[in-house]
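One letter stands for each residue in the lines below.
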Amino acid sequence: FTGGALQEIHILENSKPVPRSIHRLRHTDADDVKNSRVTFKIINFVNPSKVIRLDSKTGQLWLDSVLDREQRTKYRLTVEAKNGEPTYHKAQQNITINVDDVDDENPVFEKKEYHHTVIETRKIDTSPVLHVKAVDRDTPRNAVVRYTLVKPSEDVSEHFSVDMQSGAVYLIKS
């Protein structure tokens, strides 16, 4: 194999079209043409999947389905190249296919509803009256959650504010 004993391939999740070729295994064989015919096969596939296949004659790796990083972050396989000589010379290459993240997940609040009672005579101070929290399953760079009050009534926007980064809800007028 050319390219070393380990090949890393990066594919963006949700990328199309499928099926499509994602990598071609390269090899060299110094034998004459008759004995330099090489066949390829996957000899080890960690947690096998039907989304990736190998063409045994061309060494072409194919992606047959769209990948979702939130379901699986990588695929690991070992491929063997074997020539047509009677003694069968062979070589192996480990391949890691990394599924790279795109910002495709919506934040989800930890609770369906948040309830909190604020006493009418409460003084305005720097402590929040409530914390809300949402999580996003994307990788950290794509999972930044920002909080805001969406279409609040005039009464709500006059009395409350939310910290965009922390989700802390503050009383701004009593």
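Our subject in this report is the structure included herewith. What you see is a predicted model, and the numbers here were worked out from it, not measured in a lab. (Residues numbered from 1 in each chain as written. Predicted model: local features only at pLDDT ≥ 70, side-chain atom pairs only at ≥ 80, totals over all residues. Heavy atoms only, no water.)

What follows covers the environment of Ile-119. Position of Ile-119 relative to the elements: it lies in the loop between strand 8 (108-109) and strand 9 (130-131). Distance in space between the C-alpha atoms of Ile-119 and Asn-44 is 64 Å, their sequence separation being 75 residues. (Helix = DSSP H or I, 4+ residues; strand = E, 2+ residues; numbered from the N terminus.)

It is worth spelling out the side chain of Glu-70 at this point. Summarising the element assignment, Glu-70 is placed in the loop between strand 5 (60-63) and strand 6 (74-83). Overall, Glu-70 belongs to the buried group, its relative accessible area being 15%. A polar contact is formed between the side chain of Glu-70 and the side chain of Arg-69, at a distance of 3.3 Å. Ignoring anything within four residues of it in the chain, the contact list for Glu-70 reads Glu-13, Asp-101, Asp-104, Glu-105, Arg-137 and Asp-138. (Buried < 20%, exposed > 50% of the residue type's maximum accessible area, 1.4 Å probe, protein only. Polar contact = N/O pair within 3.5 Å; in protein donor to acceptor, adjacent residues only side chain to side chain. Contact = heavy atoms within 4.5 Å.)

Side-chain pairing between opposite charges can occur once the charged atoms of the two side chains come close. Within this structure, the stated rule accounts for 7 salt bridges. A salt bridge links Arg-53 to Asp-64; the shortest N-O distance between them is 2.7 Å. Remark: Asp-64 occurs in the loop between strand 5 and strand 6 and Arg-53 occurs in strand 4 (residues 52-54); sequence separation between them is 11 residues. The shortest N-O distance in the salt bridge between Lys-90 and Glu-80 comes to 3.9 Å. Taken together, the positions of Lys-90 in strand 7 (residues 90-100) and Glu-80 in strand 6 put the pair 10 residues apart, joining distant regions of the chain. It is possible to trace a salt-bridge network through shared partners that takes in Arg-69, Glu-70 and Asp-101. (Salt bridge = Lys/Arg side-chain N within 4 Å of Asp/Glu carboxyl O.)

A separate point is the sheet that holds strand 6. Reading across the sheet, the 4 strands line up as 1-7-6-3 and stay open at both edges, with mixed pairing between neighbours. Two strands in the sheet have a free side with no partner beyond their single neighbour: strand 1 (6-12) and strand 3 (38-46). Each strand axis lies, on average, 25 degrees off the axis of its neighbour in the sheet, ignoring direction. Bridge count between strand 6 and strand 7: 9 bridges; the pairing is antiparallel. For Val-79, the partnering residue across the bridge sits in strand 7 and is Gln-93. (Pairing = 2+ DSSP bridges. Axes fitted to C-alpha atoms, helices over the stretch in contact; angles between N-to-C directions.)

Below, the discussion takes up unusual backbone geometry. The omega torsion across Lys-16 and Pro-17 is 5 degrees, close enough to zero to call that bond cis. Structurally, the position occupied by Pro-17 is in the loop between strand 1 and strand 2 (20-24). The peptide bond linking Val-18 to Pro-19 adopts the cis configuration, its omega dihedral lying at -5 degrees. The topology assignment puts Pro-19 in the loop between strand 1 and strand 2.

Here we take up the sheet that holds strand 2. Strand order in this open sheet of 3 strands is 2-5-4, and the pairing throughout is antiparallel. At either end of the open sheet lies a strand with only one pairing partner, and these are strand 2 and strand 4. The average angle at which neighbouring strand axes cross in this sheet is 30 degrees, direction not considered. With 4 bridges joining them, strand 2 and strand 5 adopt antiparallel strand pairing. Along strand 5, the bridge assignment pairs Ser-21 with Trp-62.

What follows is about the environment of Asp-104. Its place among the elements puts Asp-104 in the loop between strand 7 and strand 8. Take Asp-104: its relative accessible area is 30%, and that puts it in the partly exposed class. If we ignore the near neighbours within four places in the chain, the residues touching Asp-104 are Glu-13, Asn-14, Asp-68, Glu-70 and Asp-138. In terms of polar contacts, Asp-104 uses its side chain to reach the side chain of Asn-14, at 2.8 Å.

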